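# Topology and contacts: notes
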Amino acid sequence: MDSLKPHIPNNSAVLVVRPGAVLVEQLQHTKSSVEGCTVAFELMERLGASDTLYDVVVVGLFGMEKNIDFELIQKSMKPSAVLAIFNGDHMSLKLDLLINGFCDTKLISETLMITKSSAHAFGSSSTIKAVPKVWKLDAEDDLDDLIDPDDLLTEEDKIAPNKSEYKCGPKSAKKKACKNCSCGYAEELAGAPPPEFKSACGSCYLGDAFRCASCPFLGQPAFQPGDNVKLAL
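Residues numbered from 1 in each chain as written. Predicted model: local features only at pLDDT ≥ 70, side-chain atom pairs only at ≥ 80, totals over all residues. Heavy atoms only, no water.

Turning next to the pattern of salt bridges. Applying the stated criterion across every chain, the model contains five salt bridges. Measuring nitrogen to oxygen at the nearest pair gives 3.9 Å for the salt bridge that ties Glu 71 to Lys 75. On the criterion of helical spacing, the pair formed by Glu 71 and Lys 75 is a turn pair, its members being four residues apart in helix 2 (residues 70–75). Between Arg 211 and Asp 208 there is a salt bridge; the shortest N-O distance is 2.7 Å. (Salt bridge = Lys/Arg side-chain N within 4 Å of Asp/Glu carboxyl O. Helix = DSSP H or I, 4+ residues; strand = E, 2+ residues; numbered from the N terminus.)

This is the structure:
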């Protein structure tokens, strides 16, 4: 504990994580060795049960702590509080402390490592102000090469198209069939009989549930093989 004293500020609230079995004399000696501070003792699994926050949390003072719950420890720490770990595996602890948000980790001696908690309280949050994405031109920018996009439009481009003129079928005002017309209207406009269709799967007449994704009969009712399906458009 002597190696930790220089890192404990005066009037600090110190929490020592103790094992389940420890002598009363050991607890009393630990409490008396830290002068000018209040010292409390608690089991690892009970950390965070109270609302009390501490300036210093000490782990492993009475022997190596195998299962360190960093989340429970952080719940008991004030912002920028000191965490002191005795008798730990320094190599693995450095990585664990970094992953759990601790900073300024230092190896004080062969048996002691100290670190600090985040400057923010555990579980705290803040609102991020959204910055509008606006492209601003500087005074020294050369504007001579800029083109006004409105100058690229003709008067005809500005007229909204009439959607009813572009429907496929006899109701189309422009009497125009779709590019991939499969209803036979393209052949009707051309004055040619509809092409004979040969089914590749043999299931076209059964209905949509049995038709391929590209089947020209999609959306049409089931029919008997050899029947010529005509739609009343």
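What follows continues from the structure just given.
Bringing the side chain of Thr 115 into the picture now. Note on placement: Thr 115 falls in strand 6 (residues 112–116). A polar atom in the side chain of Thr 115 sits 2.9 Å from the backbone oxygen of Cys 103. One polar contact links Thr 115 to Thr 105, side chain to side chain, over a distance of 3.0 Å. Once residues lying within four places of it in the same chain are set aside, the contact partners of Thr 115 are Ala 81, Val 82, Leu 83, Leu 97, Phe 102, Cys 103, Asp 104 and Thr 105. (Polar contact = N/O pair within 3.5 Å; in protein donor to acceptor, adjacent residues only side chain to side chain. Contact = heavy atoms within 4.5 Å.)

Val 57, Val 59, Ile 73 and Leu 83 are the most contacted members of the largest nonpolar core, which has 19 residues in total. Broken down by element, this core gets its largest block of residues, four residues, from strand 4 (residues 77–86). Ignoring any residue separated from it by four or fewer positions in sequence, one finds Leu 83 in contact with Val 57, Val 59, Phe 70, Ile 73, Met 77, Leu 97, Phe 102, Met 113, Ile 114 and Thr 115. Ile 8, Cys 37, Val 58 and Leu 61 belong to the second-largest nonpolar core, a separate cluster that totals 16 residues. (Core = buried A, V, L, I, M, F, W, Y, C linked by side-chain atoms within 4.5 Å. Buried < 20%, exposed > 50% of the residue type's maximum accessible area, 1.4 Å probe, protein only.)

This part is about unusual backbone geometry. The phi dihedral of Asn 11 falls on the positive side, at around 60 degrees, and the residue is not glycine. Note that Asn 11 resides in the segment before strand 1 (13–17). When its relative accessible area of 68% is taken as the criterion, Asn 11 is described as exposed. Although it is not a glycine, Ser 80 adopts a positive phi angle of roughly 60 degrees.

Those residues of helix 3 (residues 90–99) that sit buried are His 90, Leu 93 and Leu 97. All buried residues of helix 3 fall inside an arc of 55 degrees around its axis, so they share one side. Facing away from the buried surface of helix 3 by more than 90 degrees, the exposed residues are Met 91, Leu 98 and Ile 99. For helix 3, the elements touching its buried residues are helix 2, strand 4, strand 5 (103–107) and strand 6. Just downstream of helix 3 lies Gly 101, where phi reads positive at about 90 degrees. (Arc of directions from axis to C-beta.)

Right, let's talk about helix 1 (residues 24–33) for a bit. Note on helix geometry: an α-helix contains 3.6 residues per turn, so any two residues three or four positions apart are oriented the same way. Considered for burial, the residues of helix 1 that qualify are Leu 27, Thr 30 and Ser 33. All buried residues of helix 1 fall inside an arc of 135 degrees around its axis, so they share one side. Across from the buried face of helix 1, at angles greater than 90 degrees, the exposed residues are Val 24, Glu 25, Gln 28, His 29 and Ser 32. In this fold, the buried residues of helix 1 make contact with strand 1 and strand 2 (38–42).

A few words on the environment of Ser 80. Structurally, the position occupied by Ser 80 is in strand 4. The class of Ser 80 is partly exposed, set by a relative accessible area of 41%. Through-space distance from the C-alpha of Ser 80 to that of Ala 119 is 4.7 Å; in sequence the pair is 39 residues apart. Filtering out sequence-adjacent residues up to four positions away, Ser 80 remains in contact with Lys 116, Ser 117, Ser 118 and Ala 119.

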